[in-house]
Amino acid sequence: MRKTLTANLLLSTGVAAASLCAAAPAHAQIAEPVEGAAPQSSADMSTPPNESIVITGSRIARPDLEVASPVNVIGQEEIQLRQPNSAEDLLRDLPSVRPALGPSVNNGSNGSATVNLRGIGDNRTLVLLDGRRVVPFSLDGTVDLNVMPIGLVERVDVVTGGASSVYGADAVAGVVNFITRRNFSGVDLQANYRISEMGDAAQYRLNAVIGHNFLEDRGNVVLAVGYGERNDLLTTDREIARFPISSTTGLFAGSLAAVPTVFTAPGNAALGLPASSFGAVVDPGTGLLRAGTAADTYNTNINTYFITPLTRLNAYAGARLEINDHIEAYATGLYAKNEALIQLASSGTFSNTYRLSLNNPYLTPGIRNQLCGATDTNPAVAGIQPITPANCAAAGAAQGGPGTPGYIEIPVIAQRRFTEYGPRGNPIDSEMFQIQAGLRGKITGNIRYDLSGQYGETSQTQLRENWGSSSKVQQALRAFRNTAGQPVCTNTANNCVPLNIFGPEGSITPDQIAFIDLDARIDRLVTQSVVTGSVNGDLFGLRSPLSDSPVGFAIGAEYREVTATARPDAPSQIQGEVLGTGARTPPDFGSYDVKEVFGEILIPLITDSFIHNLTLEAGVRLSDYSTTGSSTTWKVGGTLEPIRGFRARGMYQVAVRSPNILELYQAPVQALSNLTIDPCGGPSPTASRALCEATGAPGGAFGNIPQPSSGQINTTTSGNALLDVEKAKTYTIGAVISPDFLKGFAFTVDYFNIRVEDAISSPTQNDILNGCYSQNFNPSQTPNNFCQLIGRNPLNGSLNGQAETPGVILGSSNLGTIETAGVDIGLTYRMNLGEMFGGGGDPGRLTLGFNATWLDYYNFQATPISINRDCTGYYSTSCTNPRPEWKWNARATYQNGPAEVSLLWTHISSVEYEPIAPSPLPALDVPQPGTGAATFNALRPEFREIETFNYFDLAMKFNVTETFEMSLLVENLFNKKPPLVGSGVGGTTFNNGNTFPSVYDPIGRAYTVAARLKF
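Scoring rules and cut-offs
- Residues numbered from 1 in each chain as written.
- Predicted model: local features only at pLDDT ≥ 70, side-chain atom pairs only at ≥ 80, totals over all residues.
- Heavy atoms only, no water.
- Pairing = 2+ DSSP bridges.
- Helix = DSSP H or I, 4+ residues; strand = E, 2+ residues; numbered from the N terminus.
- Axes fitted to C-alpha atoms, helices over the stretch in contact; angles between N-to-C directions.
- Salt bridge = Lys/Arg side-chain N within 4 Å of Asp/Glu carboxyl O.
- Buried < 20%, exposed > 50% of the residue type's maximum accessible area, 1.4 Å probe, protein only.
- Phe/Tyr/Trp six-rings, centres within 6.5 Å; stacked < 30°, edge-to-face > 60°.
- Contact = heavy atoms within 4.5 Å.
- Disulfide = S-S within 2.5 Å.
- pLDDT = per-residue confidence, 0-100.
- Core = buried A, V, L, I, M, F, W, Y, C linked by side-chain atoms within 4.5 Å.
- Polar contact = N/O pair within 3.5 Å; in protein donor to acceptor, adjacent residues only side chain to side chain.

1. Topic: the sheet that holds strand β11 (residues 262-265)
Line of reasoning, step 1. What the five strands build is an open sheet, ordered β13-β12-β11-β18-β17; its pairing is antiparallel. Only two strands of the sheet have a single partner each, and these edge strands are β13 (288-291) and β17 (354-357). Strand-to-strand twist of the sheet, defined as the mean angle between neighbouring strand axes without regard to direction, takes the value 50°.
Line of reasoning, step 2. Judged from the four bridges that link them, strand β12 (residues 280-283) and β13 form a sheet pairing that is antiparallel. Residue pairing across strands places Asp283 opposite Leu288, the latter belonging to β13.

2. Quick notes on unusual backbone geometry
Line of reasoning, step 1. For the bond from Val259 to Pro260, the omega torsion is -5°, close enough to zero to count as cis.
Line of reasoning, step 2. Mapped onto the fold, Pro260 is located in the loop between β10 (233-234) and β11.
Line of reasoning, step 3. Residues Ser919 and Pro920 are joined by a peptide bond in cis, for which omega reads -5°.
Line of reasoning, step 4. Among the structural elements, Pro920 can be located in the loop between β41 (911-913) and α14 (933-938).
Line of reasoning, step 5. Of note in the backbone geometry, Asn183 takes a positive phi value of approximately 55° without being a glycine.
Line of reasoning, step 6. Note that Asn183 resides in the loop between β6 (174-180) and β7 (186-196).

3. Thoughts on the pattern of salt bridges
Line of reasoning, step 1. Within the structure shown, the criterion is met by 45 salt bridges.
Line of reasoning, step 2. Measuring nitrogen to oxygen at the nearest pair gives 2.8 Å for the salt bridge that ties Arg155 to Asp157. The two residues Arg155 and Asp157 agree in class, both being buried.
Line of reasoning, step 3. With its nearest N and O atoms 2.9 Å apart, the salt bridge here joins Lys635 to Glu600. Note that Lys635 is positioned in strand β27 (residues 629-643) and Glu600 in strand β25 (residues 588-607), a separation of 35 residues in sequence.
Line of reasoning, step 4. Connected through shared salt-bridge partners, Arg124, Arg657, Glu663 and Glu726 make up one network.

4. Some details on the packing of aromatic side chains
Line of reasoning, step 1. Counted according to the given criterion, the structure contains 18 aromatic pairs.
Line of reasoning, step 2. Relative to Phe936, the ring of Tyr913 lies with its centre 6.3 Å away and its plane at 45°, an arrangement referred to as tilted. One end of the pair, Tyr913, is in strand β41; the other, Phe936, is in helix α14, with 23 residues separating them in the sequence. Of the two residues, Tyr913 and Phe936, neither departs from the other in class, the shared state being buried.

5. As for the sheet that holds strand β30 (residues 712-717)
In a beta sheet, neighbouring strands are held together by backbone hydrogen bonds and run either parallel or antiparallel to one another.
Line of reasoning, step 1. The sheet built from four strands is open, its strands ordered β29-β30-β34-β33 with mixed pairing. One side of each edge strand has no neighbouring strand; the edge strands of this open sheet are β29 (669-674) and β33 (790-791).
Line of reasoning, step 2. Taken together, the three bridges between β30 and strand β34 (residues 807-810) define a ladder with parallel strand orientation. Bridging from a neighbouring strand, Thr716 pairs with Ile809 of β34.
Line of reasoning, step 3. Against the sheet, helix α12 (residues 765-773) contacts β29, β30, β33 and β34, and its axis sits at roughly 115° relative to β34.

6. Let's talk about the environment of Ile508
Line of reasoning, step 1. Looking at the element boundaries, Ile508 is found in the loop between β22 (487-489) and α9 (510-516).
Line of reasoning, step 2. For Ile508 and Pro498, which are 10 residues apart along the polypeptide, the C-alpha to C-alpha distance reads 9.6 Å.
Line of reasoning, step 3. Apart from the residues within four sequence positions on either side, Ile508 is in contact with Arg416, Phe418, Glu420, Leu499, Asn500 and Ile513.

7. Some remarks on the state of the cysteines
Line of reasoning, step 1. A full pass over the atoms with the stated rule returns five disulfides.
Line of reasoning, step 2. Here Cys489 pairs with Cys496 through a disulfide, and the sulfurs are 2.1 Å apart. Given an S-S torsion of about -70°, the disulfide between Cys489 and Cys496 has left-handed geometry. With respect to class, Cys489 is no different from Cys496; both count as buried.
Line of reasoning, step 3. For the protein, numbering the cysteines in disulfides from first to last along the sequence yields the connectivity 1-2, 3-4, 5-6, 7-8, 9-10.

8. Regarding the confidence of the model for the protein
Line of reasoning, step 1. Residues of the protein with pLDDT of at least 70 account for 92%, and the chain-wide mean is 89.
Line of reasoning, step 2. Contacts from residues 1-29, a stretch scored under 50 in pLDDT, to residues over four places away or in other chains number 84 contacts.
Line of reasoning, step 3. Predicted confidence for residues 377-383 stays below pLDDT 50, and this span has eight contacts to residues more than four positions away or in other chains.

9. Details of the nonpolar core
Line of reasoning, step 1. By size, the foremost hydrophobic cluster in this structure holds 49 residues, and its most contacted members are Leu91, Leu145, Met148, Val156 and Phe178.
Line of reasoning, step 2. Residue assignment for this core shows that the elements contributing at least two residues are α3 (87-91), β3 (125-129), β5 (153-159), β6, β9 (219-230), β16 (327-344), β32 (745-761) and β36 (845-861).
Line of reasoning, step 3. For Val156, the residues in contact, after removing those within four places along its chain, are Asn72, Val73, Ile74, Leu90, Leu91, Val176, Asn177 and Phe178.
Line of reasoning, step 4. Grouped together as the second largest cluster of nonpolar side chains are 38 residues, Cys372, Ile387, Val473 and Ile501 included.

10. What to know about the pairing of strand β43 (residues 949-959)
Line of reasoning, step 1. One ladder, built from 10 bridges, connects strand β40 (residues 899-908) with β43; its direction is antiparallel. What sits directly across from Ile908, in β43, is Phe949.
Line of reasoning, step 2. Pairing between β43 and strand β44 (residues 964-971): six bridges, direction antiparallel. By the bridge assignment, Phe958 is partnered in β44 with Met966.
Line of reasoning, step 3. The antiparallel hairpin formed by β43 and β44 contains four residues in its connecting segment.

11. Some points on the side chain of Ser247
Line of reasoning, step 1. As for its placement among the helices and strands, Ser247 is situated in the loop between β10 and β11.
Line of reasoning, step 2. Using a relative accessible area of 2% as the deciding quantity, one classes Ser247 as buried.
Line of reasoning, step 3. At 3.4 Å, the side chain of Ser247 and the backbone nitrogen of Ser983 are in polar contact.
Line of reasoning, step 4. Among residues more than four places away in sequence, those in contact with Ser247 are Ala938, Leu939, Arg940, Phe943, Val981, Gly982, Ser983, Gly984 and Val985.

12. Focus on the environment of Thr349
Line of reasoning, step 1. By secondary structure assignment, the location of Thr349 is in the loop between β16 and β17.
Line of reasoning, step 2. Look at Thr349 and you get buried, because its relative accessible area is 1%.
Line of reasoning, step 3. The spatial distance from the C-alpha of Thr349 to the C-alpha of Ala258 is 9.4 Å, given a sequence separation of 91 residues.
Line of reasoning, step 4. Beyond its immediate chain neighbours, meaning those up to four positions away, Thr349 contacts Tyr354, Ala414, Gln415, Arg416, Phe418 and Val473.
Line of reasoning, step 5. Looking at Thr349, its side chain comes within polar contact range of the main-chain nitrogen of Arg416, at 2.8 Å.

Now the structure itself:
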């Protein structure tokens, strides 16, 4: 699957040439190279209108667009062709972007949409608005793309070579800078509506922009208001996701939390059932427990989302006024309100351990006798003294609770799905505002200053509706029948209603649901204050003897303070109290401030001499964090253009990223992750009894430990206040070809290389499981450091449960290393067909474009005792989302008069499931895959590879009048269906509906109609 760099460069050149000949590529989302773009507004608020442009990636104003770092631009034309509902829609399919949180993430989402350049983490990608920071959405410091005023955005600059010395430590992978329209005067009204061919997944957007110049254009005010809605798409609305499919059998793979109830403790053997049974299922017809089958498990895709719903409202206001020739005042304000909804299958008792009284009013005599017999057979599992037939019968007749003569209760894992409750809702409402004011102007004719202050807040309310209270379930299970034959709780406080978990669907009545009902709440608040001052311009007229262009410079200082708080309600803070969470949500608080000074210099060494141009540039940023102390980030690079239109460029950068608040201060919490096969699970475990018991499995449970419920296990994560900075070294080397004799043509090729050392990371789940249980990793089969990071359910030995089951513990440290490298290719060609071919009339204009990334490698080593995991071209629980070697966008646009037709081609190369780890293992620092043989061989062969995917989108636009235009967009023109990989690969966050919906379109063919009125 891997190719040499030379072969791929040759291939990329051939593809680019073929794209021109075949007329199948295009123009921008295709983010086109900046040399082929024509930005119409300043890229930074520090640059006033009609002045030299400040390109994203540098603070030095310059009259040209020559840059040493690769910068791609998504222009206004592309934005109109794409008709995005949100900023995330613009970025998701870019070759340099790896899908992150967004509308296709349901289980694991926080309601936001983020961007992940180069796939090294969205916390290493900096998002800006007009060159300024945006207040983060959450404690991890990431920005929610949903707040961007998409109707006002003129273009998006994407710097993919790192930009930490210019903007700060977060920009290790690069910067995404949303540039708003400046000096806008008039009215611009836009509306669009999209719906799938199947009549669902609808979304629409309304935007209004109003601007006015005044005082002879010395002042300007602008107001932009946008509203959008995105309807949900349920997983069960598509054939691929009607029900969860096992990645190992290809058959239905439901949850053991089902209806009727499934007992997984006492275990199958204790109940006299085959070890291969899917637990012991309550049979309401016979009043007995029988061997469960796959058909008894629950379809967890019911009520879950492929596309999560969202309602967006945002407003942006800006004003500027030139007070005199040296002072201009400006101010902006941004407000956004987003209402997102995450939804999961109905709540239940799941793998929680409860004490069941043997005189429970709904417990049949037959099931009571079976439970008594299992307890008698295996008292160590039950945790009580053996039960005889006599005391079992007496316990069933007891008239009261603990302390009543004859009363006995036993620990059980009785998994009942509360379908009567409805789905678990997780609405997340967030509000964000950010205000900024400043002064800027000229110190001299060639030197400018900018001083500004900024404050922003993001507040978030996350509700959990219809989840239920675990303590009330326990209270409702301690019940008996009184002398009148009525079911009553032994503890009648708070109007307790006994809970019937032994009947069919519908046996849990509304009053029973009302008693266990619990809606939990978590409030979060993030604030950011920024004070920035900078000066840029010509360095006092200093010039190289071989250049007429002056040396440019920028210097400045910045102070930034960030605080973040999470305030959960009381039930959320109790481990396991909120059913279905698997974890408590502790209160978190953290803050840091940073003082920085920065400087850049741009030196034109040679201009129009024996070579056309030679320019050097350098930059440095000194930072002092309250959490990690002082650090230095710097860059050095340049461009060489021997003859006009043929340029080489390169940039080397050293970045230092300080840990964010979540990485430092998050309290331990549990979450869910996918696992197909538990090494200790099933009747024939691959791990040894000694290791399974050393990691928490009870004695006697070996060979009877349930496999992961719903293919998911518990994981525990936490912050680490001792974390230090991580260090990154990045460099890019490339070329730009845009000759004068080929007007409208630009071709760029850039090699990128990123290495992050002392990376803030944690071992992958498979690092820990394989490191503990696999003989390939642990020949002695004795407990090691990895085994200390596994905590099993003490009742049945599984990796499922609540407070008593931490599962796999994913602690963070500065012991990681991340490495990635590859090649970016960009091409645009605009042709006036009349000028090209001559002849009469106007045959129109053709625009071609191509934007591609070839991934040479991506390697990640979490700790020195973990393998250096090679995820190039792979997907798995450890590698998560598919990481294709090739990804490109190509567009061909033909315009003639008022009509325009455009075809977009998105290509994703084939990927494979992460291969089996080599045996014997090479040195741990050698890049290698890491899947255990048992896991890999258990996968269905058809789920071990995803074929190459090609998507085509057709856009048509027509200018009805000079002020009114209409357009039609057909996405996924050939109705390409997503790949089926089952529910057990890729991790819970990104594997949804048996596929990867953030990479491969689950909606199908969809139509968007749009209208725009400008005057």
